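Structure assessment
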Amino acid sequence: MIKDSWTFKPFTDRPIALVDEQGSWVADFPMELPPDFLRGLYRDMLAARLLDEKFVILIRTGKTSFIAPHAGHEAAQVGIAQALQRGHDWLFPYYRDMGLMVAMGVPFKEIFGQMLGNAADPAKGRQMPSHPGSRALNIFTVCSAIASHIPPAAGAAISMKLQGTGQVSVCTFGDGATSEGDWYAGINFAAVQGAPAVFACLNNRYAISVDLSHQTAAHTIADKAHAFGIPGYHVDGMDVLASYFVMREVIERARSGHGPVLVELEVYRYGPHSSADDDLRYRSKEEVEAAKRRDPIERFRRFLEKQGLWNLEWEEMLRADLKAQIDRALEEAEAMGEVPALAMFDDVFAEPTWNLIEQRALVQEELR
Ligand SMILES: Cc1ncc(C[n+]2csc(CCOP(=O)(O)OP(=O)(O)O)c2C)c(N)n1
């Protein structure tokens, strides 16, 4: 079915928001989402936040060596995850997408396995922490280079189109990534091919210490879509319903043959860029505090309360349950132990080459 009228308009001056700071629905169309679904959004955001808090403990106790805090990104991440067909569509995420992993259904145990780099990691601890992936859930493994996954996301979308699979390729990245050549080349290729791809920028206004004003002179990231001849949507990424509804529509748009779109979701990161960053050197405590007062979880809590879907008792039960799940998953992951050293020779190629076989034998000898 080809649809040519859509609810949301591209290139809006103000970010699209559907719920205001007080938790009131302010859109001009009915909300019509079932209570269980709405509560599920809240649950996923809370799970993502609690995971972020757990990661801080992992780094402080030396159990992991690197974290990329995602607190403040939850609404956008959960909105994106719920808008795509999980396990059918493909997701090309980046290193700050742990909340997205949770909402996609990646088990906590796998997430911790990757963070610990141990045997609970399906990828055998091959990469530094914060680089998850999931073959089972069609989640392309994170690569450190900030826009290197854009061309593969475009390529996957072109393949989906050629094979008529009805899938969509959804790709996330930060504002800093939008300055990369690969970013332009990848999106341009997808646009030229009319491929079912959605490129979603989680714009937190900083690329490590570099403010967005030093990244681009463009008014918005969404405006960059003009260069490709595709629509660019500007969204309040601290509003989970705006993130969800816009993503749902643009994914449907891409799926029904209208080609790629670019979505800019405005978020804020409460933590430092990573565990190797001192954010107070480039932004004030006051700025962070002010952003925390616009917290996406609190805003959605107010919304749920107004809908009669939230109370303190439920919140406490939910928190206790999520915390128990997280603690148990961490324990289970830790109990899996180390990845055998010789696994470093696995998976370079499907069949190891003669030199890998030789090197493996040398290391095996050393380990005896
Ligand atoms: C190609 C490349 N250049 C530089 C880096 C170093 N680097 C790591 S994260 C980062 C900033 C990315 O910022 P942004 O895309 O805004 O995402 P955020 O971390 O803010 O979520 C940079 C420059 C990298 N990983 N890859």
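With that settled, consider unusual backbone geometry. Generally, phi is negative for residues other than glycine and the peptide bonds are trans, each holding for most cases. One non-glycine residue, serine 130, lies in the positive phi region at around 70°. With a relative accessible area of 1%, serine 130 lands in the buried category. Residue arginine 205 is not a glycine yet carries a positive backbone phi of 70°. With respect to the helices and strands, the residue arginine 205 is situated in the loop between β3 (197-203) and β4 (206-207).

What surrounds the ligand is a group of 16 residues, the closest being Tyr94, Tyr95, Arg96, Gly176 and Tyr206. Here an oxygen atom of the ligand sits 2.7 Å away from a polar atom, N or O, in the main chain of tyrosine 206. The fraction of the free accessible surface of the ligand (590 Å²) that becomes covered by protein chains is 73%.

In this section: the packing of aromatic side chains. For any pair of aromatic rings, the description rests on two quantities: the centre-to-centre distance and the angle between the ring planes. Tallied over the entire structure, the rule returns 18 aromatic pairs. Where tyrosine 94 meets tyrosine 95, the ring centres are 4.9 Å apart and the plane angle is 70°; that geometry is what we call edge-to-face. Residue tyrosine 94 is classed as buried on the basis of its relative accessible area, which comes to 5%. A relative accessible area of 14% means that tyrosine 95 is categorised as buried. Seen in terms of ring centroids, tryptophan 183 and phenylalanine 228 are 5.7 Å apart; in terms of plane orientation they differ by 65°. Their pairing is edge-to-face. Of this pair, tryptophan 183 sits in helix α6 (residues 181-193) while phenylalanine 228 sits in the loop between β5 (210-211) and β6 (232-236), and the two are 45 residues apart along the sequence. Each of the two residues, tryptophan 183 as well as phenylalanine 228, counts as buried. The ring of tryptophan 314 carries arginine 39 above its face, with NZ or CZ at 4.3 Å from the centroid. The cationic tip of arginine 301 hangs over the ring face of tryptophan 310; the distance from NZ or CZ to the ring centre is 4.5 Å.

What counts, and at which threshold
- Residues numbered from 1 in each chain as written.
- Predicted model: local features only at pLDDT ≥ 70, side-chain atom pairs only at ≥ 80, totals over all residues.
- Heavy atoms only, no water.
- Buried < 20%, exposed > 50% of the residue type's maximum accessible area, 1.4 Å probe, protein only.
- Helix = DSSP H or I, 4+ residues; strand = E, 2+ residues; numbered from the N terminus.
- Near = heavy atom within 4 Å.
- Polar contact = N/O pair within 3.5 Å; in protein donor to acceptor, adjacent residues only side chain to side chain.
- Areas by Shrake-Rupley, 256 points an atom, 1.4 Å probe, with all protein chains shown as cover.
- Phe/Tyr/Trp six-rings, centres within 6.5 Å; stacked < 30°, edge-to-face > 60°.
- Lys NZ or Arg CZ within 6 Å of the ring centre and 35° of its normal.

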